[in-house]
Amino acid sequence: MLTPAIRNIIIGCTGVFLVQTLLNLFVPALAVWFERMFGLVPLAVTSGLRFWQPVTYLFLHGGIMHLLFNMLFLWMFGSDLERTWGTHRFYVFFFVTGIGAGCINVLVKTLLDIHGRGDSVTIPTIGASGAIYGVLLAAAIVFPDRQIWLIPFPVQIPMKIYVAGAIAIEFFSTLGTGGDNVSHVTHLGGALVGYLYLRRGLFLYRARNEYLDWKRRRAKRKFEVYMRDHKDEPPGSSDDRWVN
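Summary of the structure given here. For clarity, every value in this text was computed on a predicted model and none was experimentally measured.

Okay, the packing of helix α1 (residues 4-26) against helix α2 (residues 28-38) next. Two numbers describe how α1 lies on α2: the axes approach to 6 Å, and their chain directions differ by 145°. Listed contacts from α2 to Val16, Val19, Gln20, Leu23, Asn24 and Phe26 of α1 are Pro28, Leu30, Ala31, Phe34 and Glu35. Classifying every residue of the contact of α1 with α2 by side-chain character gives 8 nonpolar, 2 polar and 1 charged.

Here it is in structure tokens:
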């Protein structure tokens with residue numbers, strides 16, 4: 001039922017959430033410190049004081065439903081990815097997209113509040129949702145036509161349509177003026193980093209081919225210039241010959 005990477009990620013997130021819960025019950029002040037120390041606080045990251053936060057924020061969650069939904073989506077969409085890719089590659093993808101989403105969150109919030117005076121750069125972001133949106137995007141690319149149930153409706157739609165709709169909702173949610181305590185920028189960042197990571201080979205091949213085309217055009221121009229400059233020269237000696 002649980003592939004190794006997904007099992008270990010669920011265990012890690014659940015263990016950290018248990019620590020958060022116990023601290024909230026018995027030492028609330030320490031719970032706040034714990035969240036600010038290991039959650040993603042843009043100002044703390046850009047100042048270099050807590051460089052580990054783009055990794056550790058993935059394992060903290062804001063409540064039992066936050067944890068359950070994240071782990072449920074990770075299991076539903078990530079299990080077949082891990083079986084297809086292997087455990088090591090899935091680990092790499094999960095952390096690349098999660099850390100990348102965190103870095104985009106830090107970048108956007110820092111640019112919007114360059115002087116660091118607003119709440120956006122001092123309030124921690126927590127949760128694995130950025131990495132999970134990367135997993136969703138990967139599932140749509142690897143299994144685009146797989147049919148999934150549109151819960152709670154008794155309707156099946158292709159994976160690619162479902163994920164495209166989820167990303168569209170996140171995009172338009174970033175345009176809203178009201179706050180809902182959800183980091184939509186992180187979700188979109190995870191999907192973007194996941195797409196770039198999966199398509200990196202295509203970009204590299206395209207850059208390589210464009211470079212080789214440029215070299216061929218350059219060699220052709222040099223040859224044309226050489227032939228134009230030497231077209232009026234007399235023939236060489238009788239020793240000149242073609243060698244087959």
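Glancing now at the side chain of asparagine 105. Turning to its location among the elements, asparagine 105 is positioned in helix α6 (residues 87-112). Overall, asparagine 105 belongs to the buried group, its relative accessible area being 0%. What asparagine 105 contacts, discounting residues up to four positions off in sequence, is Leu40, Pro42, Thr125, Ser183, Val185 and Thr186.

On the surface, Lys215, Arg217, Arg218, Arg221 and Lys222 cluster together into a positively charged patch. Within the secondary structure, arginine 221 is located in helix α10 (residues 200-230). With a relative accessible area of 45%, arginine 221 lands in the partly exposed category.

Looking at the element boundaries, methionine 37 is found in helix α2. C-alpha separation for the pair methionine 37 and tyrosine 57, spaced 20 residues apart in sequence, amounts to 9.3 Å. Once you skip the residues sitting within four places of it in the chain, methionine 37 turns out to touch Arg50, Trp52 and Gln53.

In this section: the nonpolar core. The biggest cluster of nonpolar side chains holds 38 residues, and the ones touching the most others in it are Leu74, Phe77, Leu81, Phe90, Phe94, Val135 and Met159. Taken together, the elements giving at least two residues each to this core come down to α1, α5 (64-85), α6, α7 (129-142) and α8 (159-174). The leading source of residues in this core is α7, at 8 residues. Those residues in contact with phenylalanine 77, other than ones at most four positions away along the chain, are Val135, Leu136, Ala139, Ile148, Met159 and Tyr162. With 5 residues, the next largest nonpolar core counts Leu23, Ala31, Phe34 and Leu60 among its residues.

Side chains that differ in charge, positive against negative, can pair when their charged atoms come close. Scanning the entire structure with this criterion turns up 3 salt bridges. Note that aspartate 80 is salt-bridged to arginine 146, the shortest N-O span being 2.4 Å. Of this pair, aspartate 80 sits in helix α5 while arginine 146 sits in the loop between α7 and β1 (147-149), and the two are 66 residues apart along the sequence. Overlapping salt bridges bring together Asp80, Arg83 and Arg146 as one network.

This part is about a nonpolar patch on the surface. Taken together, Met1, Leu2, Ile64, Met65, Leu68, Phe69, Leu72, Trp75 and Met76 make up a surface patch of nonpolar side chains, about 900 Å² in accessible area. Exposure remark for tryptophan 75: the relative accessible area of 31% places this residue in the partly exposed category.

On to the environment of leucine 136, then. Considering the arrangement of structural elements, one finds leucine 136 in helix α7. A residue is classified by how much of its surface remains accessible, and leucine 136, at 4% relative accessible area, is buried. Expressed as a C-alpha distance, the spacing of leucine 136 and alanine 164, which sit 28 residues apart in the sequence, is 9.5 Å. Not counting the four nearest positions on each side in its chain, leucine 136 is found in contact with Phe73, Phe77 and Val163.

Rules behind the numbers
Here, residues in each chain are numbered from 1, in the same order as that chain's written sequence. Residues qualify for local features only when their pLDDT is at least 70, as the model is predicted, and side-chain atom pairs are given and counted only at 80 or more; totals for whole chains, interfaces and linings, by contrast, use all residues. Side-chain figures throughout are based on the complete set of non-hydrogen atoms in the structure, without hydrogens or water. Every axis corresponds to a line fitted to the C-alpha atoms, with the helix fit spanning only the stretch in contact, and the corresponding angles, defined between N-to-C directions, vary from 0 to 180 degrees. Secondary structure is summarised from DSSP: a helix means a run of H or I of at least four residues, a strand means a run of E of at least two, and numbering begins at the N terminus for each. Note on definitions: a residue-residue contact is assigned when non-hydrogen atoms from the two residues lie within 4.5 Å. Residues were grouped as follows: Ala, Val, Leu, Ile, Met, Phe, Trp, Tyr, Cys and Pro as nonpolar; Asp, Glu, Lys and Arg as charged; and all remaining residues, including Gly, as polar. A 1.4 Å probe rolled over the protein chains alone gives each residue an accessible area, and that area as a share of the maximum for its type sets the label: buried under 20%, exposed over 50%, partly exposed in between. Patch members must show over 30% relative accessible area and no salt bridge, and they are joined within 9 Å when carrying like charges or within 5 Å when they are nonpolar side chains of Val, Leu, Ile, Met, Phe, Trp or Tyr. Reported accessibility uses the Shrake-Rupley method at a 1.4 Å probe radius. Residues are deemed covered only where the shown protein chains occlude them. One side-chain nitrogen of Lys or Arg within 4 Å of one carboxyl oxygen of Asp or Glu is enough to make a salt bridge. All tallies of charge rest on Lys and Arg as positive and Asp and Glu as negative; His and the ends of each chain are not included. Taken as the charge centre is NZ of Lys, CZ of Arg, CG of Asp or CD of Glu, depending on the residue. Definition used in this section: a nonpolar core is a set of buried Ala, Val, Leu, Ile, Met, Phe, Trp, Tyr and Cys residues joined via side-chain atoms within 4.5 Å.

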